[in-house]
Amino acid sequence: MNASESAAESSPALPTLCAHDVLSSSDLFYVHFDERGCSVTLGFSRVHSSEGVEFFLRFHDVRDVRVRGWGAPGKKDVHVERAIDGTVRVSASSDGSSLRFRAADATLSSTRNFVAASNG
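Criteria and cut-off values
- Residues numbered from 1 in each chain as written.
- Predicted model: local features only at pLDDT ≥ 70, side-chain atom pairs only at ≥ 80, totals over all residues.
- Heavy atoms only, no water.
- Phe/Tyr/Trp six-rings, centres within 6.5 Å; stacked < 30°, edge-to-face > 60°.
- Helix = DSSP H or I, 4+ residues; strand = E, 2+ residues; numbered from the N terminus.
- Buried < 20%, exposed > 50% of the residue type's maximum accessible area, 1.4 Å probe, protein only.
- Lys NZ or Arg CZ within 6 Å of the ring centre and 35° of its normal.
- Core = buried A, V, L, I, M, F, W, Y, C linked by side-chain atoms within 4.5 Å.
- Contact = heavy atoms within 4.5 Å.
- Lys, Arg positive; Asp, Glu negative; His and termini not counted.
- Salt bridge = Lys/Arg side-chain N within 4 Å of Asp/Glu carboxyl O.
- Polar contact = N/O pair within 3.5 Å; in protein donor to acceptor, adjacent residues only side chain to side chain.
- Pairing = 2+ DSSP bridges.
- Axes fitted to C-alpha atoms, helices over the stretch in contact; angles between N-to-C directions.

Caption draft 1: The arrangement of the packing of aromatic side chains in detail. Applying the stated criterion across every chain yields a total of five aromatic pairs. Between Tyr30 and Phe56 the ring centres are 5.5 Å apart and the planes differ by 80 degrees, which places this aromatic pair in the edge-to-face class. Note that Tyr30 is positioned in strand S1 (residues 27–34) and Phe56 in strand S3 (residues 51–60), a separation of 26 residues in sequence. Accessibility expressed as a relative area gives 34% for Tyr30, which makes it partly exposed. By the ring-pair criterion, three or more aromatic residues cluster together here, those being Phe29, Tyr30 and Phe56. We note Lys76 situated over the ring of Trp70; from NZ or CZ to the ring centre the distance is 4.9 Å.

Structure, rendered in structure tokens:
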């Protein structure tokens with residue numbers, strides 16, 4: 001086993017909601033930087049038919065933050081992945097804007113189900 005396999009095996013799994021297809025098909029509506037805890041919380045929402053869910057991912061011990069512009073809430077191309085060194089790399093981008101940072105870990109901080117308004 002090489003060093004990268006060892007690091008990957010010893011790194012805790014990211015929450016299932018961190019999958020690219022889940023995050024990029026959800027609306028990113030909330031970004032909160034907390035300098036006291038050196039954390040970032042991202043809030044996402046998904047609606048299917050008349051049911052919706054909001055979920056919040058909290059990233060701990062955040063560093064190397066880069067922000068370039070920021071668009072309205074909505075779908076973004078979001079990637080959350082565990083790097084070989086065990087850190088979590090996060091990027092969210094859309095036309096004219098991007099957010100990137102590294103974190104020690106990610107947790108699902110809360111979820112909420114709701115009834116979505118009909119479009120008709």
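Caption draft 2: Representation of the nonpolar core within the structure. Ranked by internal contacts, the top residues of the largest apolar core, which has 20 residues, are Leu42, Phe44, Phe59, Val80 and Phe101. The set of elements that each furnish at least two residues to this core consists of helix H2 (20–24), strand S2 (39–48), S3, strand S6 (77–82), strand S7 (88–94) and strand S8 (97–103). Beyond its immediate sequence surroundings of up to four residues, Phe101 is in contact with Val40, Phe59, Val62, Arg63, Asp64, Val65, Val88, Arg89 and Val90.

Caption draft 3: Molecular detail of the side chain of Lys76. Note on placement: Lys76 falls in the loop between strand S5 (74–75) and S6. An unpaired buried charge is present at Lys76: no salt bridge exists, and Asp27, the closest side chain of opposite charge, is 8.4 Å distant. Polar side-chain contacts of Lys76 include one of 2.8 Å to the backbone oxygen of Ala72. With residues up to four places along the chain from it excluded, the contact list for Lys76 reads Leu23, Ser24, Ser26, Leu28, Trp70, Gly71, Ser93 and Ser94.

Caption draft 4: The sheet that holds strand S4 (residues 63–68), seen in detail. What the four strands build is an open sheet, ordered S4-S8-S7-S6; its pairing is antiparallel. Two strands in the sheet have a free side with no partner beyond their single neighbour: S4 and S6. Looking at each pair of strands side by side, their axes are set apart by 5 degrees on average, direction ignored. Where S7 meets S8, seven bridges bridge the pair, whose relative direction is antiparallel. Paired with Val90 across the two strands is Phe101, which belongs to S8.

Caption draft 5: Highlighting the pattern of salt bridges. In the structure shown here, the tally under the stated rule is seven salt bridges. In this structure, the salt-bridge partner of Asp64 is Arg102, at a minimum N-O distance of 2.7 Å. Here the residue Asp64 occupies a position in strand S4, and Arg102 occupies one in strand S8, the gap between them amounting to 38 residues. Since its relative accessible area comes to 24%, Arg102 is described here as partly exposed. Taking the shortest distance from any N to any O, the salt bridge between Arg82 and Asp105 comes out at 3.2 Å. In this pair, Arg82 sits in strand S6 while Asp105 sits in strand S9 (residues 105–115), placing the two residues 23 residues apart along the sequence. Taken together, the salt bridges that share partners define one network made up of Asp64, Asp85 and Arg102.

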